Amino acid sequence: MTGVRTVGSRTLLAALVASACSRDAGTAGTRDSSAAGSNAAAATVVAGTALASPHIGPAGEWQMPAGDYANSRYSELAQITPANAKNLHAAWTFSTGVLRGHEGQPLVTGNTMYVVTPYPNVSYALDLAAEGQPLKWKARPENAQTAVGLACCDVVNRGAAFADGRIFYNLLDGHTVAIDAATGKLIWSTAMGSLAKGETMTMAPIVVKGKVIVGSSGGEMGVRGWIAALDAASGKVLWKAFNIGPDADIKVGARFKHFYATDASPNQGATSWPSTTWQQGGATVWGWISYDPALDLIFHGTSNPGPWNGAQRPGDNKWSASIIARDVNSGEMVWAFQPTPHDVWDYDAVNENILVDLPIGGRTRKALVHFDRNGFAYTMDRATGEVILAKAYVPMNWSTGVDLKTGRPVLDTAKIPYRGKKVTDICPSLEGGKNQQPAAFSPVTGLFYVPTNNLCMDFEARDVAYLPGTPYIGGNAPEKGGPGGYRGEFMAWDATTGRKVWGIKEPYPVWGGALVTKGGVVFYGTLDGWFKAVDARTGTVLWKFKVGSGVVGNPIAYTGPDGKEYIAVYSGIGGDMGLLIAGDVASNLPFDVRERGSTLPDISRWTSWGGMLFVFGL
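These notes cover the structure that comes with them. On a predicted model such as this, the values are computed, not experimentally measured, just so you know.

### Focus: the environment of Ser189
And step 1. Within the fold, Ser189 resides in strand β11 (residues 186–191).
And step 2. Judged by relative accessible area, Ser189 falls into the partly exposed class, the value being 37%.
And step 3. Spatially, the C-alpha atoms of Ser189 and Tyr169 are 9.9 Å apart, while their sequence positions differ by 20 residues.
And step 4. Sequence-distant contacts of Ser189, that is, excluding residues within four places in its chain, are made with His175, Thr176 and Val177.

### Quick notes on the sheet that holds strand β33 (residues 499–506)
And step 1. Spatially, the four strands line up as an open sheet ordered β27-β28-β32-β33, and their pairing is antiparallel. In the strand order of this sheet, the two ends are held by β27 (440–441) and β33, each with one partner.
And step 2. One ladder, built from two bridges, connects β27 with strand β28 (residues 448–453); its direction is antiparallel. By the bridge assignment for β28, Ala440 is matched with Tyr449.

### Quick look at the environment of Met333
And step 1. Along the polypeptide, Met333 turns up in strand β19 (residues 333–337).
And step 2. Residue Met333 is classed as buried on the basis of its relative accessible area, which comes to 0%.
And step 3. Taking the C-alpha atoms as reference points, Met333 and Ile250, 83 residues apart in sequence, are found 7.3 Å from one another.
And step 4. The contact partners of Met333, leaving out residues within four places of it in the chain, are Ile250, Lys251, Val252, Arg255, Phe256, Trp319, Ile324, Ala325 and Arg326.

### Focus on the state of the cysteines
And step 1. This structure, assessed with the given rule, holds two disulfides.
And step 2. Cys152 shares a disulfide with Cys153; S-S distance 2.0 Å. In this structure, the disulfide formed by Cys152 and Cys153 twists by about -60 degrees around the S-S bond and is classed as left-handed. Accessibility classification places Cys152 together with Cys153 in one group, the buried group.
And step 3. The disulfide partner of Cys427 is Cys456, and the S-S distance across this bridge is 2.0 Å. In this structure, the disulfide formed by Cys427 and Cys456 twists by about 100 degrees around the S-S bond and is classed as right-handed. With Cys427 in the loop between β26 (422–426) and β27 and Cys456 in strand β29 (residues 455–461), this pair connects stretches of sequence that are 29 residues apart. Grouping residues by exposure puts Cys427 and Cys456 together as buried.
And step 4. Among the cysteines of the protein chain that take part in disulfides, numbered as they appear in the sequence, the pairing is 1-2, 3-4.

### Quick notes on the pairing of strand β37 (residues 541–546)
Consecutive side chains of a regular strand alternate in pointing toward one face of the sheet and then the other.
And step 1. The pairing of strand β36 (residues 530–535) with β37 spans five bridges and is antiparallel. Bridge pairing in β37 links Lys532 to Lys544.
And step 2. As consecutive antiparallel partners, β36 and β37 are separated by five residues, and within that stretch Gly539 has a phi angle of approximately 80 degrees, a positive value.

### As for the packing of aromatic side chains
And step 1. The final tally for this structure, using the stated rule, is 33 aromatic pairs.
And step 2. Each ring, one from Phe523 and one from Phe531, has its centre 6.0 Å from the other, and the planes form 15 degrees; the classification is stacked.
And step 3. Here the aromatic cluster, defined as three or more aromatic residues joined through ring pairs, consists of Phe259, Tyr260, Phe337, Trp345, Tyr347, Phe376, Tyr378 and Trp398.
And step 4. It is Lys240 that lies over the ring of Trp226; its NZ or CZ is 4.6 Å from the centre.
And step 5. A cation sits over an aromatic face here: Lys505 above Tyr486, 5.0 Å from the ring centre.

### A closer look at the pattern of salt bridges
And step 1. Counted by the stated rule, this structure contains 22 salt bridges.
And step 2. The shortest N-O distance in the salt bridge between Arg158 and Glu103 comes to 2.9 Å. One end of the pair, Arg158, is in the loop between α2 (146–150) and β8 (161–163); the other, Glu103, is in the loop between β3 (89–95) and β4 (107–109), and 55 residues separate them in sequence.
And step 3. The salt bridge involving Glu386 is made with Arg365; its shortest N-O contact spans 3.0 Å. Here the residue Glu386 occupies a position in the loop between β22 (376–381) and β23 (387–392), and Arg365 occupies one in strand β21 (residues 363–371), the gap between them amounting to 21 residues.
And step 4. Relative accessible area serves as the criterion here: at 9%, Arg365 is assigned to the buried category.
And step 5. Here the salt bridges share partners, and the residues they tie into one network are Asp263, Asp316, Lys318 and Arg408.

### Side note on the nonpolar core
And step 1. Counting 48 residues, the largest nonpolar core has Trp92, Met113, Ile167, Phe523, Tyr558 and Leu613 as the members making the most contacts within it.
And step 2. At five residues, strand β39 (residues 565–571) tops the list of elements feeding residues into this core.
And step 3. Not counting the four nearest positions on each side in its chain, Ile167 is found in contact with Leu107, Tyr114, Ala160, Ala161, Phe162, Val177, Ala178, Ile179 and Ala181.

### As for the sheet that holds β36
And step 1. Pairing within the open sheet is mixed, and its five strands lie in the order β2-β34-β35-β36-β37. A single partner strand is all that each edge strand has here, and the edge strands are β2 (74–75) and β37.

### Concerning the side chain of Thr49
And step 1. Here Thr49 lies in the loop between α1 (11–17) and β1 (50–51).
And step 2. Judged by relative accessible area, Thr49 falls into the buried class, the value being 12%.
And step 3. Only 3.4 Å separates the side chain of Thr49 from the backbone oxygen of Pro443, close enough to count as a polar contact.
And step 4. The contact partners of Thr49, leaving out residues within four places of it in the chain, are Asp357, Leu358, Pro359, Phe441, Ser442, Pro443 and Gly446.

Parameters and conventions
Residues numbered from 1 in each chain as written. Predicted model: local features only at pLDDT ≥ 70, side-chain atom pairs only at ≥ 80, totals over all residues. Heavy atoms only, no water. Helix = DSSP H or I, 4+ residues; strand = E, 2+ residues; numbered from the N terminus. Buried < 20%, exposed > 50% of the residue type's maximum accessible area, 1.4 Å probe, protein only. Contact = heavy atoms within 4.5 Å. Pairing = 2+ DSSP bridges. Disulfide = S-S within 2.5 Å. Phe/Tyr/Trp six-rings, centres within 6.5 Å; stacked < 30°, edge-to-face > 60°. Lys NZ or Arg CZ within 6 Å of the ring centre and 35° of its normal. Salt bridge = Lys/Arg side-chain N within 4 Å of Asp/Glu carboxyl O. Core = buried A, V, L, I, M, F, W, Y, C linked by side-chain atoms within 4.5 Å. Polar contact = N/O pair within 3.5 Å; in protein donor to acceptor, adjacent residues only side chain to side chain.

Written out as structure tokens, the structure is:
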């Protein structure tokens, strides 16, 4: 399921949920997750871990989406601790003026905070040094309304990046823009996507060595996914690589080294598809991007293959649903790994790749840790693409495990969808064990903090014809709550052993990202509107605050002009989880007659649409 999916004027929402299962999972779990139960005593620390790259800029600033190139979402600030977190309170708020899914995170440089909204992708600069945090400027680049009708999973934006006095972010209509951070003036705007083909852009760029790295959305539209580098100074495209197709198109050359024998043959991006179906094969890049300065490689995932109906595309369908390492200077592919070959469950591999050094088997491994949509947590060698270990981190049944000799999952054939028959109770659902909501890593505890989903689905494949700019799906997959009576869990994970250390079960999927600080506190938000602080070692909930709308964004930490530590997060339910399968959360729009999902029919009791920035301090 890509970050953007459409159905023209009626949207893809109705198409996906029209025959959704009517089963109500109820308010699974407990509404008061004030402690992690018996897990509270199971404090665990994994010694000898380190980030692959340090925090970007001063510790009190947040200049890029994850805070660093390693995608750790770790803050070196330590004023807020398990001992004083109970004293947190709302320090100030800001209304974005937009109602839809507020994914992503703000940025902070100096005494300025930068905010980017969902469509129409307005950006704000807020003066942190002045009482009331007034605007320094407001920018609204031209952004085609047509894109709204093409957006599959809400009109979200996953954030901006700051570098060299400029703010870089993507517009839903397929443009990448550079804004002067001091004045709000538009410096350049480069068209990257084609709305006529159904391409949109929702991902957060990163800036590496003067290059703005961006990728496309629209995997359910029969597009052909790509990743590209733009010159940060001029907006000129420096290189662009497709993820499917012949080697020349996907930039496979002499540097490509396969770790697994099944990846040895040339032109796999084309030959693992029937005929020329790769030309509409998806494999977009709407998730997060990492960078290892020592290896000089960027790491990114790709989305599902198109269409969902696997009968129309026999073969592995490389490099859809894959993790790819590329030379940041040229875009050349160095290695690639496909967690879900021939994906027929919509298990995109776009989730973040967290770059850390981990002690495994008596030595330190340069690792890449990836919590895949397919339900497996992968600990990999980031230099070679070797899977060191792969363990299920959520309830799942489509596979019985991963064969480390081949890297391939061992399939339960009873859970493989095929044309003409509905396959029931496949876990996880197409929302994945985890979706866009990013995990965090602490080098202090050595643990990963992971927001997860516990959903299953019934799946029925259908034939579909490709028409440019229209949905190219070929399946229906109503979703329901997973086993155990809860629909989400926030957990701590040890990637050296592949085991859960502690978990907090939630009544709804945990669709917001995580932040962990040197002070030993983890922060996350919930779909029903709670923002929580948790002890990083024990999982004990230390504090919680009810914000105005469900949280699907990612917290950050920064130091204010007063020298104090603050935590900022967006409130505004939406995205795939808050729009496609939620109940009638758009209670402020009585004229909106689109059919709502049945997976979370009770969510509207607790939240409605919103668009607020909340800032908390001691």
